[in-house]
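Chain and residue survey
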Amino acid sequence: MTNLQIVIKEIKNLKPIPAVVTSLLEIIDDPNASMNEITKIIQYDPAITADLLRTANSAYFGLKRPAETIQEAAMMMGTDHVVDLVMLKVSAQIAKGTQKGYDLHEGALWKYSVSSALIAKQVAVQLDLPNKNSIFTAALLKDIGKTVLDKFIQDAFEKISNLVINENFSFMEAEKQIIGVDHAELGAMIAKMWKFSPRMVGIIRNHHLSSETMVRDKDLAVVYLSDCICMMMGMGVGADGLAYRFHPQAMDHIGISAEDTLKIIADFACRMDEVEMLLKVA
């Protein structure tokens, strides 16, 4: 059995993502979707509902009175915020552990994923993009492939490093060469298995912009830019963090300047305590 066959077998053993996520992803960017439709989807998952209400009623959100139903939480916090929390809860189940192959300690991948998602949504709102909620989710889940590929990276790390250092491969190119699949491609396989939309699968597969023509896709460019900004701030910089190619055309295409990027970094740095608190309650 080849490495690739073994990896694919691993993804088939993954715990299925809650059905509520698939249902939410179908409507979160629909301007005609009502708060009632969205909350009705969530309330049919008792575990997520209970967890969400506990988080909504934590000191972090400081609601004037406790929310007793998902509908009340959505009215007090806003539907977008409730949907984001559902996605954060689900991503925590996937990415909270260690990824030793990528040299990421306990919770590092999740902190990076949450930060990337918040930055992506901030940029999407700034640019007035219509798909801000799916952009948030794509940025949050774009590295799910790392959670499966991690142990294979551990075993092949010396060979991968040799290609990166001596042959000028990006880390992702070296993953593909040695293991037969890279983490973005594997993440897309997982997203497809979980019945994510073709759009979401495409963003996860291409979030490192393997082709310069991809910069024309604004949603993808925003997810890519959020990834770069996190790395500039030192988040998600494990064994692979500095071994990717930078595509400045992405910034040009979406109309984000170097000065804009510095402002985004400065604004987000001021929110890091907020991120830490959110990680504790989510």
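Here, every reference points to the structure presented above.
Along each chain, residue indices are assigned from 1 in the same order as the chain's sequence is written. Selection of residues for local features in this predicted model requires a pLDDT of at least 70, selection of side-chain atom pairs for listing and counting requires 80 or more, and totals for whole chains, interfaces and linings are taken over all residues. Neither water nor hydrogens contribute to the side-chain values; these are computed over all heavy atoms in the structure.

1. Quick look at the overall build of the chain
The condition that has to hold: Only runs of H or I of at least four residues qualify as helices and only runs of E of at least two qualify as strands under DSSP, and these elements are numbered from the N terminus. Based on C-alpha atoms, the radius of gyration is set beside the globule rule, defined as 2.2 Å times the residue count to the power 0.38. Here, two residues are considered to be in contact whenever any of their heavy atoms come within 4.5 Å of each other. Under the convention used here, a 1.4 Å probe and the Shrake-Rupley method define accessible areas, while residue burial counts only the protein chains that appear. All tallies of charge rest on Lys and Arg as positive and Asp and Glu as negative; His and the ends of each chain are not included. To locate a charge, take NZ of a lysine, CZ of an arginine, CG of an aspartate or CD of a glutamate.
Within the chain, the secondary structure is distributed over 16 helices and zero strands. Relative to a compact globule of 282 residues, whose C-alpha radius of gyration would be 19 Å, the chain shows 19 Å and is just as compact. Each of the three principal axes of the chain carries a C-alpha extent, and together these read 60 × 45 × 35 Å. Of the contacts formed within the chain by residues at least 6 apart in sequence, a portion of 67% connects residues at least 24 apart. Taken as a whole, the chain presents about 13300 Å² of accessible surface, with 53% of it coming from carbon and sulfur. Charge-centre separation for the chain: the mean point of 28 positive side chains lies 5 Å from the mean point of 35 negative side chains.

2. Brief notes about the packing of helix 3 (residues 35-43) against helix 5 (residues 70-77)
Stated formally: Geometry is summarised by axes, namely lines fitted to C-alpha atoms with helices restricted to the contacting stretch, and by angles between N-to-C directions that run from 0 to 180 degrees. An angle counts as roughly parallel when it lies under 35 degrees, as roughly antiparallel when it exceeds 145, as roughly perpendicular when it falls between 65 and 115, and as oblique in every other case. Here is the rule for handedness: rotate from the far helix to the near one, and if that takes an anticlockwise turn smaller than a right angle the crossing is left-handed, while a clockwise turn gives right-handed.
Running from N to C, helix 3 and helix 5 point in directions that differ by 135°, and their axes come no closer than 9 Å. Classed by the angle they form, the pair helix 3 and helix 5 counts as oblique. Seen along the crossing, helix 3 lies across helix 5 with a hand that is right-handed. Contact residues: helix 3 offers Met35, Thr39, Ile42 and Gln43, while helix 5 offers Ile70, Gln71, Ala74 and Met75.

3. Let's talk about the nonpolar core
Here is the rule we go by: As used here, the term nonpolar core means buried Ala, Val, Leu, Ile, Met, Phe, Trp, Tyr and Cys residues forming a set that is joined through side-chain atoms within 4.5 Å. Burial classes follow relative accessibility: with a 1.4 Å probe on protein chains only, a residue under 20% of its type's maximum area counts as buried, one over 50% as exposed, and anything between as partly exposed.
Membership of the largest hydrophobic core comes to 101 residues, with the highest contact counts inside it found for Leu24, Ile42, Val114, Leu149 and Phe196. Sorting elements by how many residues they give to this core places helix 7 (residues 108-126) first, with eleven residues. Beyond its immediate stretch of four places on either side in the chain, Phe196 contacts Ile17, Val21, Leu25, Leu141, Ala191, Val201 and Ile204.

4. A closer look at the packing of helix 1 (residues 3-12) against helix 9 (residues 144-166)
The line we're drawing: Three categories are distinguished: nonpolar for Ala, Val, Leu, Ile, Met, Phe, Trp, Tyr, Cys and Pro, charged for Asp, Glu, Lys and Arg, and polar for the others, with Gly belonging to the last.
Running from N to C, helix 1 and helix 9 point in directions that differ by 145°, and their axes come no closer than 10 Å. The two elements helix 1 and helix 9 meet at a crossing, and its hand is right-handed. Contacts from Ile6, Val7, Glu10 and Ile11 in helix 1 reach Val148, Leu149, Lys151 and Phe152 in helix 9. A per-class count over the contact of helix 1 with helix 9 returns six nonpolar, no polar and two charged.

5. A short note on helix 9
Spelled out, the test is: A helix's residues, less one, multiplied by 1.5 Å, set its expected span. Each residue is assigned a bend, namely the angle between axes fitted to the seven residues that terminate at it and the seven residues that start at it.
Taking 1.5 Å as the rise per residue, helix 9 with 23 residues should run 33 Å; its terminal C-alpha atoms sit only 28 Å apart, a clear shortfall. A maximum bend of about 75° is found in helix 9 at Ala156. Against helix 1, helix 6 (79-95), helix 7, helix 8 (132-141), helix 10 (171-179) and helix 11 (183-193) lie the buried residues of helix 9. Positive backbone phi, at 60°, marks Asn168, one or two positions downstream of helix 9.

6. Topic: the pattern of salt bridges
The cut-off we apply is this: Within this document, salt bridges are pairs made up of a side-chain nitrogen of Lys or Arg and a carboxyl oxygen of Asp or Glu, the two lying within 4 Å of each other.
The full count for this structure, using the stated rule, is ten salt bridges. The salt bridge partner of Arg54 is Asp51, with a shortest N-O separation of 2.3 Å. With Arg54 and Asp51 both in helix 4 (residues 46-56) and three residues apart, the pair spans about one turn of that helix. Of the residues examined, Arg54 reaches a relative accessible area of 57% and is grouped as exposed. Given a relative accessible area of 23%, Asp51 falls into the partly exposed group. Residue Lys176 is joined to Glu185 by a salt bridge in which the shortest nitrogen-to-oxygen separation is 2.9 Å. Classification of Lys176 by relative accessible area gives partly exposed; the value is 37%. One network of salt bridges, with partners in common, ties together Asp51, Arg54 and Lys89.

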